[in-house]
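Residues per chain, in single letters:
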Amino acid sequence: MIPIKIYYYYDFTNTDRFCRELERRFRETGHERPLEFVEWNCYHEEPGRDGDIFIYDAVALTALVDKGYLHQLPEIIDTSRIFSWTVDKSKVRKKTYGIPVMTCSNALICRRKDDRNIRNIFDLHERTAIPMKSMLMNYYIQAFCNYQNDSVVKVFRHLTELMGGREYLAGSSLSEYDGVRRFLSGECKYFLGFTESLRLFEPDDYVVRFANFSEYDEDQMPLFMTDLASMGNHVREEKLLDCIDLLEIMTEEEFVYRLCVEDGRLQYMLPTHTGVYGRLAELDPLYGELYTMLLPEENGVIRYGKTFYEDFYKRSDEMLELLKLTE
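Residues numbered from 1 in each chain as written. Predicted model: local features only at pLDDT ≥ 70, side-chain atom pairs only at ≥ 80, totals over all residues. Heavy atoms only, no water.

**Considerations on unusual backbone geometry**
Moving on, step 1. At glutamate 237, a residue that is not glycine, the phi angle is positive and equals roughly 55 degrees.
Moving on, step 2. Judged by relative accessible area, which is 70%, glutamate 237 ranks as exposed. (Buried < 20%, exposed > 50% of the residue type's maximum accessible area, 1.4 Å probe, protein only.)

Below, the structure written as structure tokens:
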């Protein structure tokens, strides 16, 4: 029996467990077809043409559709309990090519006792660890959607100041990001990162706000990094039905809940399935606040155009060099 080849984003939180859970549930539903998992850095390279399922960041969606990788999905997959804005804003030319699985945001986190009701990054004046080198283009897109002019430059000047100056830019990639250590030690009262890092913090009462890269009190266009699951364009016949079953498993409430809670410990991911938030809030009331912040229909999905693989990191490198030279 020909296996289903699944290309998955290698840095999806606890990816090994995701693969195990997906295969476990696939077998429980009576399927015998082998699954072959292939790690893939969806940000830096295109996947293989032999992929049957792709799991990736929506920033690459338009490029993958334009390059012919993805199959338009049938309407039979139930998305009624997925945040509707993640579904609607992950379409290409009004057609569905991917099912939102998880979403993610740049988050500003502090202990409640240190909370100063920070509304935007310009309210921050404390030294902050920022993964600028890895996240620069995401910050740029979020800032540009608020300003839509050259005012975004002052956002990056301020972020560079918060880091401690231009000399910190070189070591600001996620692989070197020491924000958790600096936060836990008290060196930084504010942490700029992702909600998933909460699983590494000691128990406390935390305040989480999605980062607002503007000078406005409210983010004019809140944007989220959203992980999608799609089907390869070449999939046909019985394998196609099995792939649809896999996508449906990824939208099951119990499957999503198991991903979010491992051995009774929250992983602090932001699932797109609305039905799990009440259960997660029973373990940490913070999830009730996160749910409220994820409800608004004005929330958006970070997307890039069809030249993503040609332009995205080239532009990021150019901007990083500009920041190193700009006073």
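**Brief notes about the side chain of threonine 103**
Moving on, step 1. As for its placement among the helices and strands, threonine 103 is situated in strand E7 (residues 98–104).
Moving on, step 2. Side-chain polar atoms of threonine 103 contact the side chain of threonine 226, separated by 3.0 Å.
Moving on, step 3. For threonine 103, the residues in contact, after removing those within four places along its chain, are Trp85, Phe224, Met225, Thr226, Leu270, Thr272 and Leu294. (Helix = DSSP H or I, 4+ residues; strand = E, 2+ residues; numbered from the N terminus. Polar contact = N/O pair within 3.5 Å; in protein donor to acceptor, adjacent residues only side chain to side chain. Contact = heavy atoms within 4.5 Å.)

**Some details on the nonpolar core**
Moving on, step 1. One finds Met132, Leu159 and Met250 to be the most contacted residues of the largest nonpolar core, which totals 115 residues.
Moving on, step 2. Once residues lying within four places of it in the same chain are set aside, the contact partners of methionine 250 are Phe18, Leu22, Ile53, Ile55, Val101, Ala229, Phe255 and Val256. (Core = buried A, V, L, I, M, F, W, Y, C linked by side-chain atoms within 4.5 Å.)

**A few points about the sheet that holds strand E10 (residues 206–210)**
Moving on, step 1. Within the open sheet, the 3 strands sit side by side as E9-E8-E10. Their pairing is antiparallel. Strands at the two margins of the open sheet, each flanked by one partner only, are strand E9 (191–193) and E10. Neighbour to neighbour, the strand axes of the sheet diverge by 25 degrees on average, direction disregarded. (Pairing = 2+ DSSP bridges. Axes fitted to C-alpha atoms, helices over the stretch in contact; angles between N-to-C directions.)

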